[in-house]
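Residue-level structure breakdown
One-letter residues, chain by chain:
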Amino acid sequence: MKKWITMLLSFCLLFGMTACSTGKTEVSGITEQNSENQMPNKKTEITLAEGSETFANKVAGKSGSNILIAYFTWAENTQVENPDEVDVDATTSASVLLPGNAAQIVAWIQQKAGGDLFPIIVSEPYSSDYDECVDRAANEKAENARPELVNHVDNMDEYDVIFLGFPNWWYTAPMAIFSFIEEYDFSGKTIVPFCTHGTGGLAGCIEDITATLPDSAEILEPIGIYRPDVDSAQPVINKWLEGLGFEDGEKASNMADGERKLRMIVDGQEIAITLYNTPAANALYDLLPLELTFEDFNGIEKISYLSEELPTDGEPDGCDPDVGDLCLYAPWGNLSIFYQDFRYSESLIMLGHVDSGMDIVSSMEENTAVVLEKLN
Ligand SMILES: Cc1cc2nc3c(=O)[nH]c(=O)nc-3n(C[C@H](O)[C@H](O)[C@H](O)COP(=O)(O)O)c2cc1C
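Every value quoted in this text rests on a predicted model; they were computed, and no experiment measured them. (Residues numbered from 1 in each chain as written. Predicted model: local features only at pLDDT ≥ 70, side-chain atom pairs only at ≥ 80, totals over all residues. Heavy atoms only, no water.)

**Overview of the site of the ligand**
Definition in use: It suffices for a single heavy atom of a residue to lie within 4 Å of a molecule or strand for the residue to be listed as near it. Nitrogen and oxygen atoms within 3.5 Å of one another constitute a polar contact, given that in protein one can donate a hydrogen and the other can accept it, and given that sequence-neighbouring residues count only through two side-chain atoms. Accessible surface is estimated by sampling points in the Shrake-Rupley manner with a 1.4 Å probe; for residues, cover comes only from the protein chains shown. Strands here are runs of E lasting at least two residues and helices are runs of H or I lasting at least four, both read from the DSSP assignment and numbered beginning at the N terminus.
As a structural note, the neighbourhood of the ligand is formed by 24 residues, with Thr73, Ser95, Ala102, Asn168 and Thr196 the closest of them. The backbone of Tyr171 places a nitrogen or oxygen atom 2.9 Å from an oxygen atom of the ligand. Note that an oxygen atom of the ligand is positioned 3.5 Å from one of the backbone N or O atoms of Thr199. Considered on its own, the ligand offers 640 Å² of accessible surface; in the complex 98% of this is hidden by protein. Put simply, the parts of the chain that give the shell around the ligand at least two residues each are helix 1 (2–15), helix 5 (101–113), helix 6 (130–142) and strand 5 (190–197). Counting residues per element, the shell around the ligand draws most heavily on helix 6, which supplies 4 residues.

**Examining helix 6**
Stated precisely, the cut-off is as follows: Each helix should span, by expectation, one fewer than its residue count multiplied by 1.5 Å. Accessibility here uses a 1.4 Å probe with only protein chains present; expressed as a share of the type maximum, an area under 20% marks a residue as buried, one over 50% as exposed, and anything in between as partly exposed. As used here, the arc belongs to the directions running from the helix axis to the C-beta atoms.
When the terminal C-alpha atoms of helix 6 are compared, their 18 Å separation across 13 residues agrees well with the 18 Å that a helix rising 1.5 Å per residue should span. Those residues of helix 6 that fall on the buried side of the exposure criterion are Tyr130, Cys133, Val134, Arg136, Ala137 and Glu140. Buried residues in helix 6, looked at end-on, bunch into an arc of 165°, giving them a common side. Residue Asp129 occupies the N-cap position of helix 6, its side-chain oxygen lying 3.1 Å from the main-chain nitrogen of Asp131. Taken from the residues just after helix 6, Asn144 is the one with a positive phi, measuring 50°.

**Quick look at the sheet that holds strand 8 (residues 260–266)**
To keep it simple, the criterion reads: The pairing criterion is simple: DSSP has to find at least two bridges between the two strands. An axis is simply a line fitted to the C-alpha atoms; with a helix, the fit covers only the stretch in contact. Between two such axes, the angle follows the N-to-C directions and lies from 0 to 180 degrees.
Sheet architecture is closed into a barrel: 8 strands sit in the order 8-9-16-13-14-11-10-17, paired in antiparallel fashion. Ignoring which end each strand starts from, the neighbouring axes of this sheet average 35° apart.

**Here's the deal with the pairing of strand 14 (residues 334–338)**
In terms of burial, strand 14 is largely enclosed, as 5 of its 5 residues are buried. Burial along strand 14 is two-sided: Asn334, Ser336 and Phe338 facing one way and Leu335 and Ile337 facing the other are all buried. As paired elements, strand 11 (residues 301–305) and strand 14 share 5 bridges and run antiparallel to each other. Bridge pairing links Ser304 to Leu335 in strand 14. Sheet analysis places strand 13 (residues 325–329) next to strand 14, joined by 4 bridges and oriented antiparallel. Counterpart to Leu328 in the pairing with strand 14 is Leu335. Here strand 13 hands over to strand 14 after 4 residues, with Gly333 in that stretch at a positive phi of 70°.

Next up, the structure:
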């Protein structure tokens, strides 16, 4: 316990006494640079990055194959002899256990945007002892060191978009991030930084990374997630990605191979639907044709209960539906077609999208009988 308190106190001193004493947990966006000892004091502000349309086009239809998600996390850069003995409640220790905060965010980015993962690993692992790791990181920063990396991207030419994730270490990115950046030519590429941090926020991370990248690299709006908020950050990450033009990234990657067209017939009128290539959508496809009865739910969606359960293994935990999205709400086993925008919802699984006929959907009355069938 004493060790925990000592560590907590030293962390407060290091990264902002005010924040520790207020106990606030907020998520910071890119609001402060060079903000040593500053509390992340703004909620994430999502703004559409300049040129995001071009960016969305770049991503669309590429199945995420032009996207690399490179990241550094302490947990993958240390060795813990007895993981069972690590005090996971101690904020300074939790990071040595896999997956690590930055890696947790990686999984959500990949779910939404697709892309290949690349863990940045140093040849000489950091100590799993917090104080020793902090000391080495401080020395490396002071010396502007470039720790040697064990792994390399052989086909960097094939990537146009590089997500770059890391923790804030001493108000900047770990020096291994700079080793990584300097190893490749990022001219003309799009860099999307994301950071997890203590109370110091993004500090100088983005400024230092920008200074290391060539001028022709486009750096999109980064996101910073405050360490205690990482576990619940998936909706925030999704919103951030959508704000950057990844709105359709997930759909584009799902649709790239195996997109199917369906039609829903309501009173002789036709609604055109694209079904994505996901486990649940594929299972729905196998059940077609189906006679269904739709009802209204809360003035937001039209829903119809399926008689069979669709598999959700391998699906994202939830999604943030837009108007026209066809989803499965897994706990109730119903299809939903959203005719109003709705918030991110756990267990809501994206299946497809209405291409035309949303006016018919939104005016469907209670207990409307429909036929859902394959077109190809
Ligand atoms: C060596 C070291 C230095 C750190 N320096 C800072 C800092 O300057 N500012 C800050 O807000 N957090 C700092 N932190 C906290 C980490 O940024 C935070 O715990 C992060 O979520 C860890 O992510 P990871 O689990 O992916 O490594 C530091 C942590 C370590 C281990």
